[in-house]
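Coordinate inspection notes
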Amino acid sequence: MIEQRPSPERRKASAALDEARLRQQAIGVRLRQMFDEVVNEDVPEEFLEILRRADERSQGKS
Amino acid sequence: MSLLARLAPHLPYVRRYARALTGDQSTGDHYVRVALEALAAGERTLADNMTPRVALYHVFHAIWCTSGAQLEAPLDDDSGVDDATRRLMRIAPRSRQAFLLTALEGFTPTEAAQILGADFAEVEKLIAEAQAEIDAELATEVLIIEDEPVIAADIEALVTELGHTVVDIAATRTEAVDAVARKTPGLVLADIQLADGSSGIDAVKDILQRYDVPVIFITAFPERLLTGERPEPTFLITKPFQPETVKAAIGQALFFHPRKASKQAA
């Protein structure tokens, strides 16, 4: 007979993991608030420029 | 599709991740810049089997773990960094990444595994390790203000399971104030309606006048807190409670509570 159900140890580990993820999400929500301004501010122009130059180079090649 | 069009929407988020991971925006931006330059120079490419966002984080990860993660030095106590950031930085780099990718950035464990070049089982292990490190970092002494012995015992078991120590269980406002005078707790869990008709809200107000300590109210009468003046900083959980909810609130309250302020006030 093939045992389909996960072992009790496996179930316990998986419940512990679900709980850890729930608790980490509670911290994550507050971290997102803390870093709101990073997300809302303009990305440094320099970063966009690096990508723009790369795009121009690859267009030039093709 | 151009690199710019594919990646621009994700840059604010990878900057946030870099900031959280390195503890500092200019350090984080440095690694984002190096990752973008590596992409632009063709030294790294966006993996075809990943979404652009996952692929970008994957490249950032490759850059950071070959340089940044190894250069990381412990933060000085006077470095002016807030306590939440300090607590983040105490988590070992690889478990910190798994934690931030899932809990802050909202990636699934499968996506986090792609980003980290790990398998699913390793990500699960890293998340568990991050939690163990967070629990150890936050472990503190807890005062329970609760007049129903059965509920007090439930709360005590749950708090102990998280690695905290229950220093006292107070059933009245007077007992609570006395308990705090004997031993300042790092966290207070409080019911509102107490045995002798006294109020947990008043008990907490007394305590907060003297000590800066996070408070979580666990109550069957949440409206009393919502309508009355609510002492800050507090959290509110409604009875009957789910143990996971209480545990999540405890972690959140402690992780973001400034430690220095409580020292000064004590």
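All values reported here derive from a predicted model rather than from experimental measurement.

Notes on the overall build of chain A
The helix and strand inventory of chain A stands at 3 helices and 0 strands. Secondary structure elements of chain A, listed N to C terminal, follow the sequence α-α-α. Considering chain A as a whole, with its 62 residues, one finds that 31% of them fall into the buried category. Total accessible area on chain A is roughly 4500 Å²; 49% of this is exposed by carbon and sulfur atoms.

Describing the UniProt feature "modified residue: 4-aspartylphosphate" (unreviewed entry) in chain B
Residues and elements named next belong to chain B. Cross-referencing UniProt, the feature "modified residue: 4-aspartylphosphate" (unreviewed entry) maps to Asp 191 in the present numbering. Assignment of secondary structure puts Asp 191 in the loop between strand 3 (187–190) and helix 12 (200–210). For Asp 191, a relative accessible area of 4% translates into the label buried. Among all residues touching Asp 191, those that are not within four sequence positions of it are Ile 145, Glu 146, Asp 147, Gly 200, Phe 217, Ile 218, Thr 219 and Lys 239.

A word on the packing of aromatic side chains
Evaluated as defined, the whole model comprises 4 aromatic pairs over all chains. Ring plane angle 40° and centroid distance 5.4 Å describe the contact between Tyr17(B) and Tyr57(B), whose orientation is recorded as tilted. Here Tyr17(B) is found in helix 2 (residues 11–22), whereas its partner Tyr57(B) is found in helix 4 (residues 52–66), with 40 residues between them in sequence. Looking at Tyr17(B), the relative accessible area reads 0%, which means it is buried. An aromatic cluster is defined as three or more aromatic residues linked by ring pairs; in this entry it consists of Tyr17(B), Tyr57(B), Phe60(B) and Phe107(B). Above the ring of Phe256(B), the side-chain terminus of Arg30(A) is found at 4.5 Å from the ring centroid.

Here's the deal with unusual backbone geometry
For the peptide bond that leads from Lys239(B) to Pro240(B), omega is -5°, which places it in the cis range. Residue position: Pro240(B) is located in the loop between strand 5 (234–238) and helix 14 (243–255).

As for the UniProt feature "domain: Anti-sigma factor NepR" (unreviewed entry) in chain A
Summarizing the sequence annotation, UniProt attributes the feature "domain: Anti-sigma factor NepR" (unreviewed entry) to residues 24–57 of chain A in the numbering used throughout. Between the end C-alpha atoms of residues 24–57 of chain A the distance is 43 Å, and the span holds 85% helix and 0% strand.

Quick look at the pattern of salt bridges
Evaluation of the coordinates by the stated rule reveals 21 salt bridges over all chains. With a shortest N-O distance of 2.5 Å, Arg33(B) and Glu46(A) are connected by a salt bridge. Of the two residues, Arg33(B) is situated in helix 3 (residues 25–40) and Glu46(A) in helix 3 (residues 45–61); the pairing between them involves two chains. The closest approach of N and O atoms between Glu141(B) and Lys183(B), which form a salt bridge, is 3.4 Å. In this pair, Glu141(B) is assigned in strand 1 (residues 141–145) and Lys183(B) in the loop between helix 11 (173–182) and strand 3, connecting sequence segments 42 residues apart. You can call Glu141(B) partly exposed: its relative accessible area is 28%. By sharing partners, the salt bridges in this structure join Glu19(A), Arg23(A), Asp135(B), Glu161(B) and Lys247(B) into a single network.

Quick notes on the domain arrangement of chain B
All names here are of chain B. Partitioning chain B into domains gives domain 1 (3–72 + 83–134) and domain 2 (138–256). Using only C-alpha atoms to locate each centre, domain 1 and domain 2 end up separated by 37 Å. Carbon and sulfur atoms make up 68% of the area that domain 1 and domain 2 hide from each other, which totals about 440 Å². For domain 1, the biggest contributors to the area lost against domain 2 are Ala 84, Arg 87 and Ile 134; these three give 90% of the whole. The tally of links between domain 1 and domain 2 comes to 0 salt bridges. For the pair domain 1 and domain 2, the interface holds 3 residue pairs in polar contact (both at pLDDT 80 or more). Here the side of domain 1 that touches domain 2 gets 3 residues from one element, more than from any other, and that element is helix 6 (residues 83–89).

Re the sheet that holds strand 2 (residues 165–170) of chain B
Residues and elements named next belong to chain B. The strand order across the open sheet built from 5 strands is 2-1-3-4-5, with neighbouring strands paired in parallel fashion. At either margin of the open sheet sits one strand with a lone partner, and together these are strand 2 and strand 5. Strand-to-strand twist in this sheet, taken as the mean axis angle between neighbours without regard to direction, amounts to 20°. The sheet contact formed by strand 1 and strand 3 spans 4 bridges and is parallel. The residue of strand 3 that forms the bridge with Ile 144 is Leu 189.

Definitions and limits used
Residues numbered from 1 in each chain as written. Chains lettered and ligands numbered in written order. Predicted model: local features only at pLDDT ≥ 70, side-chain atom pairs only at ≥ 80, totals over all residues. Heavy atoms only, no water. Helix = DSSP H or I, 4+ residues; strand = E, 2+ residues; numbered from the N terminus. Buried < 20%, exposed > 50% of the residue type's maximum accessible area, 1.4 Å probe, protein only. Areas by Shrake-Rupley, 256 points an atom, 1.4 Å probe, with all protein chains shown as cover. UniProt positions renumbered as here; feature names shortened; annotations may be inferred. Contact = heavy atoms within 4.5 Å. Phe/Tyr/Trp six-rings, centres within 6.5 Å; stacked < 30°, edge-to-face > 60°. Lys NZ or Arg CZ within 6 Å of the ring centre and 35° of its normal. Salt bridge = Lys/Arg side-chain N within 4 Å of Asp/Glu carboxyl O. Domains from an automatic or database assignment. Buried area = accessible area lost by both parts, 1.4 Å probe. Polar contact = N/O pair within 3.5 Å; in protein donor to acceptor, adjacent residues only side chain to side chain. Pairing = 2+ DSSP bridges. Axes fitted to C-alpha atoms, helices over the stretch in contact; angles between N-to-C directions.

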